[in-house]
Every structure is written in C-alpha cells, then in structure tokens.
Amino acid sequence: MSNPKNQHIIPQCYLKQFVDPNTPAGYEPYVWIFERNSKIGKKKAPKNILAETDFYTLEGGDYSIEKSLAQIESEYSAIFEKKIKNKLPLTPYEHAIFCAFVAAMLQRTVRQKENIEGFVGQLVDWAKQLEIVHGAEPKSSVAWEATKKDAHKISVIEMVPEIAKILTKMNVAFLCTKNKRVAYITSDSPA
C-alpha cells in the first residue's frame with residue numbers, strides 16, 4: 001500500500017454529502033465550489049478538492065496522523081450511512097465516534113493551522129525580545145521556532161481526544177428537512 005501523501009483537509013466522506021444530485025450519468029459526482037464574494041462556481045469531484053500533500057505528515061514520513069484521521073472518517077462514514085442518514089438514534093459508541101469526527105473537523109482546517117502557527121510565531125517573537133532585553137543566547141526563540149513547524153500536526157494529535165471528550169458530554173441534534181430541493185452550504189472550515 002502506498003503512503004497517503006495526498007491528505008484531505010476536509011474529508012471526502014463529508015464532502016460527498018454535498019455532491020450535486022443532478023450530476024449527469026457517466027460523470028464523476030461533483031460539488032460546486034464558490035470563492036468568497038463570487039457568484040461563479042466551479043464543479044469538482046470531492047477527491048480533487050481541499051487536499052494538500054503531506055498536510056499531516058510528521059518528520060521522517062510518519063503518516064500516523066493521517067491514518068488515525070482515516071480510521072475516524074471510516075467509522076463516521078459507516079455511522080452516517082447506517083444511522084444518521086436514516087434518522088436513527090446513535091449508540092453510545094457511535095456518539096463517541098461522531099464526537100471524534102467533529103473534533104477532528106474543528107482541528108484539521110487551514111484556518112486552525114494558521115491560528116496555531118500564528119500563536120507560536122508570537123511566542124517566538126516574545127522570546128526573541130526577552131532574549132535581547134536580558135542579553136541571553138537565543139535558545140528559547142530557536143526552540144519555539146522549531147516547534148512551529150509541526151505545531152498544528154501535534155495539536156491535532158493532542159486536541160482531538162480532548163475536544164471529543166467535551167463533545168460527548170453535550171447533546172447532539174441533527175437538522176433535517178423534508179424538502180429535497182433545499183440546498184445546504186458548507187465551507188473549508190465547516191465545524
């Protein structure tokens with residue numbers, strides 16, 4: 001099996017729920033993509049959007065984060081197809097998987113990556129200022145700079161279980177509609 005280098009920021013199992021139901025026969029199902037403030041959309045297959053090479057890959061080609069996310073996605077997808085789609089109640093285990101999926105959706109976005117890297121960047125700047133003021137060697141700032149590279153990836157590992165634990169204590173409700181023509185919109189930061 002090849003390494004999962006093309007890693008989805010928003011998983012395909014989520015995106016496929018937004019495919020155009022009027023996709024012509026013989027065409028690959030697609031979603032409509034609209035840039036902010038644009039009324040002109042593009043059609044793209046879920047496998048071709050919201051993905052980056054090695055987005056979650058750690059030093060030395062470690063794909064454990066991507067593989068863990070894929071496991072959560074796989075379990076969520078089965079629960080969606082069997083229960084959520086059919087408006088059936090979730091078991092406690094299914095509820096926990098659903099919460100893990102939502103927690104991952106909160107942590108895995110580009111926006112969250114930018115937030116975390118921005119925060120660590122501030123720590124680097126503050127450490128540099130303190131080192132200058134106190135005439136210290138740049139040890140802390142260098143250490144924080146090294147941390148910045150994988151800060152988002154590490155936060156996915158550390159925060160998904162913590163957020164999921166909080167979410168499992170909350171009630172879950174799904175918005176359902178009987179009108180098949182009603183369209184829903186999602187984004188690159190859906191949670």
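Here is a short report on the structure shown in this document.

**Describing helix H5 (residues 140-168)**
Working note: α-helix, 3.6 residues per turn, so residues spaced by three or four point in the same direction.
Here is step 1 of the chain: The sharpest bend along H5 measures roughly 60° and falls at Asp150.
Here is step 2 of the chain: Taken residue by residue, H5 has Ser141, Asp150, Ala151, His152, Lys153, Ser155, Val156, Val160, Ile163, Ala164 and Leu167 as its buried positions.

**Some remarks on the pattern of salt bridges**
Here is step 1 of the chain: Per the counting criterion, the structure on display carries 11 salt bridges.
Here is step 2 of the chain: Residue Lys85 is joined to Glu81 by a salt bridge in which the shortest nitrogen-to-oxygen separation is 3.1 Å.
Here is step 3 of the chain: Glu94 serves as the salt-bridge partner of Lys83, at 2.8 Å between the closest nitrogen and oxygen. Within this pair, whereas Lys83 is found in helix H2 (residues 64-84), its partner Glu94 is found in helix H3 (residues 92-107), the two being separated by 11 residues in sequence. Grouping residues by exposure puts Lys83 and Glu94 together as buried.
Here is step 4 of the chain: Connected through shared salt-bridge partners, Lys16, Glu81 and Lys85 make up one network.

**A few points about unusual backbone geometry**
Here is step 1 of the chain: One non-glycine residue, Asn37, adopts positive backbone phi at about 65°.
Here is step 2 of the chain: Tracing the chain through its elements places Asn37 in the loop between strand E2 (31-34) and strand E3 (41-44).

Calculation criteria
- Residues numbered from 1 in each chain as written.
- Predicted model: local features only at pLDDT ≥ 70, side-chain atom pairs only at ≥ 80, totals over all residues.
- Heavy atoms only, no water.
- Bend = angle between axes of the 7 residues up to and from the residue.
- Helix = DSSP H or I, 4+ residues; strand = E, 2+ residues; numbered from the N terminus.
- Buried < 20%, exposed > 50% of the residue type's maximum accessible area, 1.4 Å probe, protein only.
- Salt bridge = Lys/Arg side-chain N within 4 Å of Asp/Glu carboxyl O.

By themselves these figures say nothing about function.
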